[in-house]
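Listed here are the chains, written in short residue letters.
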Amino acid sequence: MQLFRRLCAALTLMTMAPLAMPGWGGAFAQVPKPWEIGMQPAANLIKQKIIDLHDLVFWIITLTTIFVAALLVIVMVRFNAKANPIPSKTSHHTGLEIAWTVIPVLLLVIMSIPSFRLIYYQDRTPNPDLTIKVIAHQWYWEYAYPDNGEFSIESRMIRDENLKPGQLRMLDVDNQMVVPVGKNIRILTSSAEVIHSFFVPSLGVQRYAIPGRVIETWFSVDKPGVYYGECNQICGADHSRMPIAVHAVSAQEFKAWTEQTKKAAQADAPAGAQPRLLAATDATANQVQR
Ligand SMILES: [Cu+2]
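Given the structure is predicted, the values throughout are model-derived calculations rather than measurements. (Residues numbered from 1 in each chain as written. Predicted model: local features only at pLDDT ≥ 70, side-chain atom pairs only at ≥ 80, totals over all residues. Heavy atoms only, no water.)

Right, let's talk about the overall build of the protein chain for a bit. Counting its regular elements, the protein chain contains five helices and 12 strands. For the protein chain, contacts bridging at least 24 residues in sequence account for 66% of all contacts bridging at least 6. (Helix = DSSP H or I, 4+ residues; strand = E, 2+ residues; numbered from the N terminus. Contact = heavy atoms within 4.5 Å.)

Put into structure tokens, the structure is as follows:
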């Protein structure tokens, strides 16, 4: 009986513990898996559209390759010098020539229409609820919240020697980018020195961070959890050590987090401490350049 009670207590603790963690409920995390061949599951509509486009192009490419390979095999078997000693003198076939021009053009048009639609869909935020500025540095990320407290945080990878149990090697960071679920989040990327790339696979987001430029994109997150990404542009010695962790929380949790972080930024902290309040100059960089 005692054993049964202990087992029950352990089970309850295991299922309830993540919910009792201060601030954040739910332990969902979207991470790459070893030997993963397909794409990470979609966490929003943008990623679903990317997967759909990928699948369409994949089947067109596969069927075209099989068709061309089959034609090659037929030619090699049926029309080699031994099997076909007297070659045909045919030099034209109008029907065939029209077909091999029109069919590839049609295939390209079929691929280009959803492709362009997706590019434009990702390019401008529909009804943005908030803006986050993503500033890349060698080798960490800075996330500024100009319309939710005017503060910025720095996000650095947790080195192997400092990893706590449950934290992911090369992916977990000290300060996650916190976002509310279900909102349209405008992302403005820029860089402090060299070109980096802000890439979160399951959110369908990838944008260059280029010094002297501000580039727009956006995403939303359907359900709470942590979504991992990485810098996707070789940017120097620690390129592989600037992961991205996007933590999606409820609107209330997001509000509480921004208030708490703003308070920490306002507190009398030594220079260079994190989080920090945005300087007046930060706001002027809000224009988007093409
Ligand atoms: Cu980088």
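Next comes the rest of the account.
Bringing the coordination of the copper ion into the picture now. Bound to the copper ion are the protein donor atoms His196 (ND1), Cys231 (SG), Cys235 (SG) and Met242 (SD), situated 2.0 to 2.6 Å from the metal. Note that the copper ion binds four donor atoms; their angles at the metal cover 94 to 128°, and the shape is tetrahedral. Read in sequence order, the donor residues for the copper ion give the motif H-x34-C-x3-C-x6-M. (Donors = N, O, S within 2.8 Å, 3.2 Å for Na, K, Ca; no water. Tetrahedral: all angles 85-135°; square planar, octahedral: opposite > 155°, others 65-115°.)

This brings us to the layout of surface pockets. The rolling of a water-molecule-sized probe over the atoms marks out the regions of remaining empty space. Taken as a whole, the second largest pocket encloses approximately 340 Å³ of empty space. Around the second largest pocket, the lining is made up of 13 residues, and of these Thr64, Phe67, Val68, Ile103 and Leu107 lie nearest the centre. Only helix 2 (45–78) and helix 3 (94–123) provide two or more residues apiece to the lining of the second largest pocket. Among the elements that line the lining of the second largest pocket, the one with the most residues is helix 2, at seven residues. Partitioned by chemical class, the residues of the lining of the second largest pocket number 12 nonpolar, one polar and no charged. (1 Å grid on protein atoms, 1.4 Å probe; cavity = no way out; pocket = protein on both sides within 12 Å on 5 of 7 lines; lining within 4 Å. Points joined across faces, edges and corners; volume = space filled by probe spheres on them. Nonpolar A, V, L, I, M, F, W, Y, C, P; charged D, E, K, R; others polar.)

A few words on helix 2. Here helix 2 is 34 residues long and its end C-alpha atoms lie 49 Å apart, about the 50 Å a rise of 1.5 Å per residue gives. For helix 2, every residue scored as buried is listed here: Ile46, Lys47, Ile51, Leu53 and Ile60. Looking at the packing, one finds that the buried side of helix 2 touches helix 3 and strand 9 (215–219). (Expected span 1.5 Å × (residues − 1). Buried < 20%, exposed > 50% of the residue type's maximum accessible area, 1.4 Å probe, protein only.)

Another point: the pattern of salt bridges. Going through the model one piece at a time under the given rule, you end up with seven salt bridges. With a closest N to O distance of 3.1 Å, Arg159 and Asp238 form a salt bridge. Within this pair, whereas Arg159 is found in the loop between strand 4 (151–155) and strand 5 (177–180), its partner Asp238 is found in the loop between strand 10 (225–231) and strand 11 (243–249), the two being separated by 79 residues in sequence. Across the salt bridge formed by Arg169 and Asp160, the nearest N and O atoms sit 3.0 Å from each other. The exposure class of Arg169 is exposed, given its relative accessible area of 53%. (Salt bridge = Lys/Arg side-chain N within 4 Å of Asp/Glu carboxyl O.)

Attention now moves to the packing of helix 2 against helix 3. It is the contact of helix 2 with helix 3, at a shortest axis distance of 11 Å, that shows an interaxial angle of 165°. Compared by their axis directions, helix 2 and helix 3 come out roughly antiparallel. Handedness of the crossing formed by helix 2 with helix 3: left-handed. Residue-level contacts link Leu45, Ile46, Lys49, Ile50, Leu53, Leu56, Val57, Ile60 and Thr64 of helix 2 to Leu107, Ile110, Met111, Pro114, Ser115, Leu118, Tyr121 and Gln122 of helix 3. The class makeup of the residues in the contact of helix 2 with helix 3 is 13 nonpolar, three polar and one charged. (Axes fitted to C-alpha atoms, helices over the stretch in contact; angles between N-to-C directions. Parallel < 35°, antiparallel > 145°, perpendicular 65-115°, else oblique. Left-handed = near helix turned anticlockwise from the far one by under 90°.)

Let us now look at the environment of Ala237. By the secondary structure assignment, Ala237 is in the loop between strand 10 and strand 11. Overall, the relative accessible area of 65% leaves Ala237 in the exposed class. Taking C-alpha positions, Ala237 is 8.5 Å from Trp139, a pair spaced 98 residues apart along the chain.

A few words now on unusual backbone geometry. Here the residue pair Gln138 and Trp139 is connected by a cis peptide bond, since its omega of 0° sits within 30 degrees of zero. Tracing the chain through its elements places Trp139 in the loop between strand 2 (130–137) and strand 3 (140–145). Phi at Trp35 is positive, roughly 65°, even though this residue is not glycine. Relative to the elements of secondary structure, Trp35 occurs in the loop between strand 1 (29–30) and helix 2. Positive phi, close to 50°, is recorded for Glu150, a residue that is not glycine. Checked against the element boundaries, Glu150 lands in the loop between strand 3 and strand 4.

The strand order 9-6-2-3-4-12 describes an open sheet built from six strands, whose pairing is mixed. Looking along the sheet, the strands with just one partner apiece sit at the ends: strand 9 and strand 12 (276–277). (Pairing = 2+ DSSP bridges.)

Bringing helix 4 (residues 251–266) into the picture now. In a regular helix each residue adds 1.5 Å, so 16 residues correspond to 22 Å; helix 4 covers 22 Å between its end C-alpha atoms and thus fits that length. Phe254, Trp257, Thr258, Thr261 and Ala265 are the residues of helix 4 that are buried. The arc that holds the buried residues of helix 4, viewed along the axis, is 100°, so those residues lie on one side. Seen from the buried face of helix 4, the exposed residues on the opposite side, beyond 90 degrees, are Gln252, Lys255, Gln260 and Lys263. (Arc of directions from axis to C-beta.)

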